[in-house]
Amino acid sequence: VEAIEAEGADELSGSALGKNGKRIGILLEDEVRFVVRDPLRFPSGETKCEIRLIGKTEFDGVNGVAVLPILDGRFVLREIFRHATRAWELEAVRGRRETGQTPRQAARAEVKQELGFKLKKLHAIGSVCPDSSVMSSVVDIFLGELADGPREDEPEGTEAFGRIHRLSAEELAGRIMKGSIRDGYTIAALAMAQLRGLIAPISRAES
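Below is a summary of the structure that appears in this document. Note that this is a predicted model, so its numbers are computed, not measured.

Considerations on the pattern of salt bridges
Under the counting rule described, the total for this entry stands at 13 salt bridges. The partner of Arg 52 in a salt bridge is Asp 38, and the shortest N-O contact between them spans 2.5 Å. Within this pair, whereas Arg 52 is found in strand β3 (residues 47-55), its partner Asp 38 is found in strand β2 (residues 33-41), the two being separated by 14 residues in sequence. Overall, Arg 52 belongs to the partly exposed group, its relative accessible area being 35%. Arg 74 is the salt-bridge partner of Glu 171, the closest N and O atoms lying 2.7 Å from each other. Taken together, the residues span a long stretch of sequence, with Glu 171 in helix α3 (residues 169-178) and Arg 74 in strand β5 (residues 74-82) at a distance of 97 residues. According to the relative accessible area criterion, Arg 74 is partly exposed, its value standing at 32%.

Printed below as a string of structure tokens:
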């Protein structure tokens with residue numbers, strides 16, 4: 001480890017490291033995730049250090065959940081301002097699974113919080129690794145059948161939500177093709193729901 005650390009000593013820079021900053025192990029940490037730098041030796045014999053992002057709820061299950069909600073044959077998505085992209089994104093419901101929660105409990109809590117609808121049925125349709133080159137996270141994907149009626153969402157004060165959109169399958173596909181929906185979980189959920197036979201295959205995207 002010390003040898004690999006020495007070989008990769010010049011690869012890192014930044015004020016967070018300090019004059020004698022830590023070069024291996026946990027570099028940064030907050031209440032949600034760790035930023036970790038690991039020493040690696042490859043089959044070729046080459047060595048390198050690589051960074052991982054590790055969610056703090058991954059140690060007893062999946063890191064998070066995403067739910068593609070559907071109501072009366074239309075998909076229900078909500079705008080949210082994402083700090084990372086510095087833009088309003090139109091997405092399926094998603095969020096972190098808390099330690100001790102089951103994925104289904106987390107999915108129901110996120111739908112209640114973000115949309116305010118009750119769930120009639122929740123279909124587990126697969127799982128996704130958001131970015132396997134840097135993130136260790138695994139996210140369980142669901143199709144959620146919503147119950148119609150008055151809704152009462154419970155947004156957190158640290159989230160910025162916008163309008164709710166109800167889209168047909170063709171409209172959803174059209175927005176994906178135009179790039180106005182670019183969230184990977186939403187796109188994966190739509191594909192998985194079709195492959196599971198829970199929604200009809202989309203023959204065309206509405207422009």
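Next comes the rest of the account.
A short note on the environment of Gln 101
Residue position: Gln 101 is located in the loop between β7 (93-96) and α2 (103-114). Taking the relative accessible area as the measure of exposure, Gln 101 reaches 23% and is therefore partly exposed. Sequence separation between Gln 101 and Thr 57 is 44 residues, and the spatial gap between their C-alpha atoms is 9.5 Å.

Regarding α3
For α3, the set of buried residues is Ala 169, Leu 172, Ala 173, Gly 174 and Ile 176. Positive backbone phi, approximately 90°, marks Gly 179, located one or two places after α3.

Quick look at the side chain of Gln 113
Tracing the sequence through the fold places Gln 113 in helix α2. Separated by 2.6 Å, the side chains of Gln 113 and Glu 159 make a polar contact. Among residues more than four places away in sequence, those in contact with Gln 113 are Asp 153, Glu 154, Pro 155, Glu 156 and Glu 159.

Observations concerning the pairing of strand β9 (residues 139-147)
With seven of nine residues buried, β9 is to be regarded as a mostly interior element. As defined by bridge partners, strand β4 (residues 64-71) adjoins β9 across seven bridges and the pair is classed as parallel. When the bridges of β9 are listed, Val 67 appears paired with Phe 142. Two strands pair when backbone bridges link them, and strand β8 (residues 118-128) and β9 are joined in this way by nine bridges, in the antiparallel orientation. By the bridge assignment for β9, Val 128 is matched with Val 139.

Looking at the nonpolar core
Among the nonpolar cores identified, the biggest contains 24 residues, and Leu 68, Phe 75, Ile 141, Leu 143 and Leu 172 are the most heavily contacted of them. Elements with a minimum of two residues in this core: β4, β5, β8, β9, α3 and α4 (184-195). Sort the elements by how many residues they give to this core and α4 lands first, with six residues. Formed by 14 residues, the second largest nonpolar core is a distinct cluster that contains Ala 106, Ala 107, Leu 115 and Leu 122.

What counts, and at which threshold
- Residues numbered from 1 in each chain as written.
- Predicted model: local features only at pLDDT ≥ 70, side-chain atom pairs only at ≥ 80, totals over all residues.
- Heavy atoms only, no water.
- Salt bridge = Lys/Arg side-chain N within 4 Å of Asp/Glu carboxyl O.
- Helix = DSSP H or I, 4+ residues; strand = E, 2+ residues; numbered from the N terminus.
- Buried < 20%, exposed > 50% of the residue type's maximum accessible area, 1.4 Å probe, protein only.
- Polar contact = N/O pair within 3.5 Å; in protein donor to acceptor, adjacent residues only side chain to side chain.
- Contact = heavy atoms within 4.5 Å.
- Pairing = 2+ DSSP bridges.
- Core = buried A, V, L, I, M, F, W, Y, C linked by side-chain atoms within 4.5 Å.

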